[in-house]
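# Structural overview for review
One-letter residues, chain by chain:
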Amino acid sequence: MLVTTTELFRHAYGKYAVGAYNINNLEQAVGLFRGNLGKRDKNDEPVDPKTAAPFILQISRGARSYTDKRFLEAIIRTADEVFPDSIFAVHLDHGTEEVCYDAIDSGFYTSVMIDASEHPFEENVAITRRVVERAHAKGVVVEAELGQLGGVEEDVVGSVRLTDPDQAAEFVKQTGCDSLAVAIGTSHGAYKFAGSQGVRLDVLEKIQKKLPKGYPLVMHGSSSVPAEWVQRINAAGGQIKGSSGVPEEDYLKAAKLGVCKINIDTDGRLVWCAIYRETFRDKPADFDPRTPGKVFMKEYASYIIHKNQVLGAAGQLDAVRQFIAKKK
Ligand code: G3H
Ligand code: 13P
Ligand code: ZN
């Protein structure tokens, strides 16, 4: 069932964070839907209520143009039919104004992110406001960003600018955006922190205090970049050195401070890379795309189950279903 992020955030606020996972292809979609229903494999029991979770499926501009955006849409609509117990939102990740309008007008996305964070404050406000007006007229909800994460984001290599708590309150008031992505020390990709750097929960707490009660915050760049997966990649010929990610124990701490959505892309890519490298290393005579594909879908589903557990979202699916039904 497709829902808006607003419904998910109302249920999660202050208790847990909803996982927001980026996908680019069929195998990622299948692993993602299975994992969120607590299924590791095709033949698993339909739903494990202890692990099943609501989730946000994110599509970046890069994912839309990788083949043709309509392929991804078709995959997701089909997944909704194949996995009717799922509860999820479809979200445009890091949209420009133009791409946001395209997503809003498509009628498929329940939520868009306008990322005008590279612009000066007033310009970010103006762009975000325009997108909010157009989105709200169609029942689509809007995430915006203030401050700047480090790391690689689409084709921009960013420099860090932490979100100013006073500006955050003003930004939300002036734009009417439904949730706010904040820069609190994380960055996109597999190389997040140097030395003793980490997530600035102190800044997050200040931001939460300045915003209206119950206002949902979003944490980007939140992959944990597990050493285990990096080691597997490197053991199979990869060269990922000096990587680091967000400690998983920070997820729930951030959730308690108002973060309702935690963005994870890099971890999924690491799982993908490890499985494909290992498969063809171990089976040099094999050239069937389904050989690594089958293993990947299972491993990715298992990883999603684990991630939802550390986000506190595991086991919340039925409660969210009841919560949504009551509101109708
Ligand atoms: O924020 C960036 C996301 O990880 C999406 O990455 O643009 O390479 O799909 P991508
Ligand atoms: P990661 O690179 O940490 O997975 O961040 C993903 C993200 O923020 C997508 O918007
Ligand atoms: Zn991001």
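Here the structure is shown first, and the text comes after it.
This is a predicted model, so every value here is computed, not measured. (Residues numbered from 1 in each chain as written. Chains lettered and ligands numbered in written order. Predicted model: local features only at pLDDT ≥ 70, side-chain atom pairs only at ≥ 80, totals over all residues. Heavy atoms only, no water.)

## Here's the deal with the overall build of the chain
- A tally of regular secondary structure across the chain gives 13 helices and 11 strands.
- Taken over C-alpha atoms, the radius of gyration comes to 19 Å for the chain, in line with the 20 Å a tight globule of 328 residues would show.
- Counting the 328 residues in the chain, one finds 54% classified as buried.
- Long-range pairs, those at least 24 residues apart, make up 77% of the contacts in the chain with a sequence separation of at least 6.
- With the model as given, the accessible surface of the chain reaches about 14400 Å², and the carbon-plus-sulfur share is 53%.
- Looking at charge distribution, the chain has the averaged site of its 41 positive side-chain charges lying 4 Å from that of its 44 negative ones. (Helix = DSSP H or I, 4+ residues; strand = E, 2+ residues; numbered from the N terminus. Rg over C-alpha atoms; globule rule 2.2 N^0.38 Å. Buried < 20%, exposed > 50% of the residue type's maximum accessible area, 1.4 Å probe, protein only. Contact = heavy atoms within 4.5 Å. Areas by Shrake-Rupley, 256 points an atom, 1.4 Å probe, with all protein chains shown as cover. Lys, Arg positive; Asp, Glu negative; His and termini not counted. Charge placed at Lys NZ, Arg CZ, Asp CG, Glu CD.)

## Side note on the site of ligand 2
- What surrounds ligand 2 is a group of 15 residues, the closest being Asp 93, Lys 192, Ser 223, Asp 265 and Thr 266.
- The separation between an oxygen atom of ligand 2 and a polar main-chain atom of Ser 222 is 3.1 Å.
- At 3.1 Å, a side-chain N or O of Asn 263 approaches an oxygen atom of ligand 2.
- Here ligand 2 loses 97% of its free accessible area of 310 Å² to cover by the protein chains.
- Of all the secondary structure elements, the ones that give two or more residues to the shell around ligand 2 are β3 (88-95) and β11 (259-264).
- For the shell around ligand 2, a count of residues per class yields one nonpolar, 11 polar and three charged. (Near = heavy atom within 4 Å. Polar contact = N/O pair within 3.5 Å; in protein donor to acceptor, adjacent residues only side chain to side chain. Nonpolar A, V, L, I, M, F, W, Y, C, P; charged D, E, K, R; others polar.)

## Digging into the site of ligand 1
- Taken together, eight residues lie near ligand 1, and Ser 60, His 94, His 188, Asp 265 and Arg 269 sit nearest.
- His 94 places a side-chain nitrogen or oxygen 3.1 Å from an oxygen atom of ligand 1.
- Within the contact set of ligand 1, an oxygen atom lies 3.1 Å away from a side-chain nitrogen or oxygen of His 188.
- When isolated, ligand 1 has an accessible area of 310 Å², and the protein chains bury 82% of it.

## What about the pattern of salt bridges?
- Overall, the coordinates contain 22 salt bridges when judged by the stated rule.
- Close ionic contact of Arg 269 with Asp 265 constitutes a salt bridge, the shortest N to O distance being 2.8 Å.
- A relative accessible area of 47% means that Arg 269 is categorised as partly exposed.
- Linked by salt bridges that have partners in common, Arg 64, Lys 69 and Asp 102 make up one network. (Salt bridge = Lys/Arg side-chain N within 4 Å of Asp/Glu carboxyl O.)

## Things to note about helix α4 (residues 69-82)
- Its 14 residues place the ends of α4 20 Å apart at the C-alpha level, agreeing with the 20 Å of an ideal helix rising 1.5 Å per residue.
- All of the buried residues in α4 are Leu 72, Glu 73, Ile 76 and Ala 79. Looking straight down α4, one finds that the buried residues subtend no more than 125° of arc, so they occupy a single side. Turned more than 90 degrees away from the buried face of α4 sit Arg 70, Phe 71, Glu 81 and Val 82, all of them exposed.
- Taken together, the buried residues of α4 touch α2 (26-36), β2 (55-60), α3 (61-66), β3 and α5 (97-106). (Expected span 1.5 Å × (residues − 1). Arc of directions from axis to C-beta.)

## Examining the environment of Phe 9
- Mapping Phe 9 onto the fold places it in helix α1 (residues 5-12).
- Residue contacts for Phe 9: discarding those within four places in its chain leaves Ile 56, Ser 179, Pro 216, Cys 260 and Lys 261.

## Some details on the nonpolar core
- Counting 96 residues, the largest nonpolar core has Leu 8, Ile 76, Val 112, Leu 180, Leu 204, Leu 217 and Met 219 as its most contacted members.
- Residue contributions to this core peak at six residues, all from helix α6 (residues 121-136). (Core = buried A, V, L, I, M, F, W, Y, C linked by side-chain atoms within 4.5 Å.)

## Quick notes on α6
- Between its first and last C-alpha atoms α6 spans 22 Å; for 16 residues at 1.5 Å apiece the expected length is 22 Å, and the two agree.
- Among all positions in α6, only Phe 121, Asn 124, Val 125, Ile 127, Thr 128, Val 131, Val 132 and Ala 135 are buried.
- Summarising the contacts, the buried residues of α6 are in contact with α5, β4 (111-114), β5 (141-146) and α7 (165-175).

## Focus: the packing of helix α9 (residues 227-235) against helix α11 (residues 266-282)
- In the contact formed by α9 and α11, the axes pass within 9 Å of each other and the chain directions differ by 35°. The crossing of α9 and α11 is left-handed. Within the contact between the two elements, α9 uses Trp 229, Val 230, Arg 232, Ile 233 and Ala 235 and α11 uses Leu 270, Val 271, Cys 273, Ala 274, Ile 275, Arg 277, Glu 278 and Arg 281.
- Taken together, the residues of the contact of α9 with α11 sort by class into nine nonpolar, no polar and four charged. (Axes fitted to C-alpha atoms, helices over the stretch in contact; angles between N-to-C directions. Left-handed = near helix turned anticlockwise from the far one by under 90°.)

## Some words on the sheet that holds β2
- Spatial strand order, β1-β2-β3-β4-β5-β8-β10-β11: eight strands in a closed barrel with parallel pairing. When strand polarity is set aside, the average angle formed by the axes of neighbouring strands in this sheet is 25°.
- Of the pairings in the sheet, the one linking β4 to β5 comprises four bridges and is parallel in character. Residue Ser 111 lies in a different strand from β5, and its bridge partner there is Val 141. (Pairing = 2+ DSSP bridges.)

## Considerations on the side chain of Asn 25
- Summarising the element assignment, Asn 25 is placed in the loop between β1 (18-22) and α2.
- Within the structure, Asn 25 has its side chain in polar contact with the backbone nitrogen of Glu 27 (distance 3.3 Å).
- Polar contacts involving the side chain of Asn 25 include one to the main-chain amide nitrogen of Gln 28, which spans 2.9 Å.
- Leave out the neighbours within four places in its chain, and Asn 25 touches Leu 72, Ile 75 and Trp 272.

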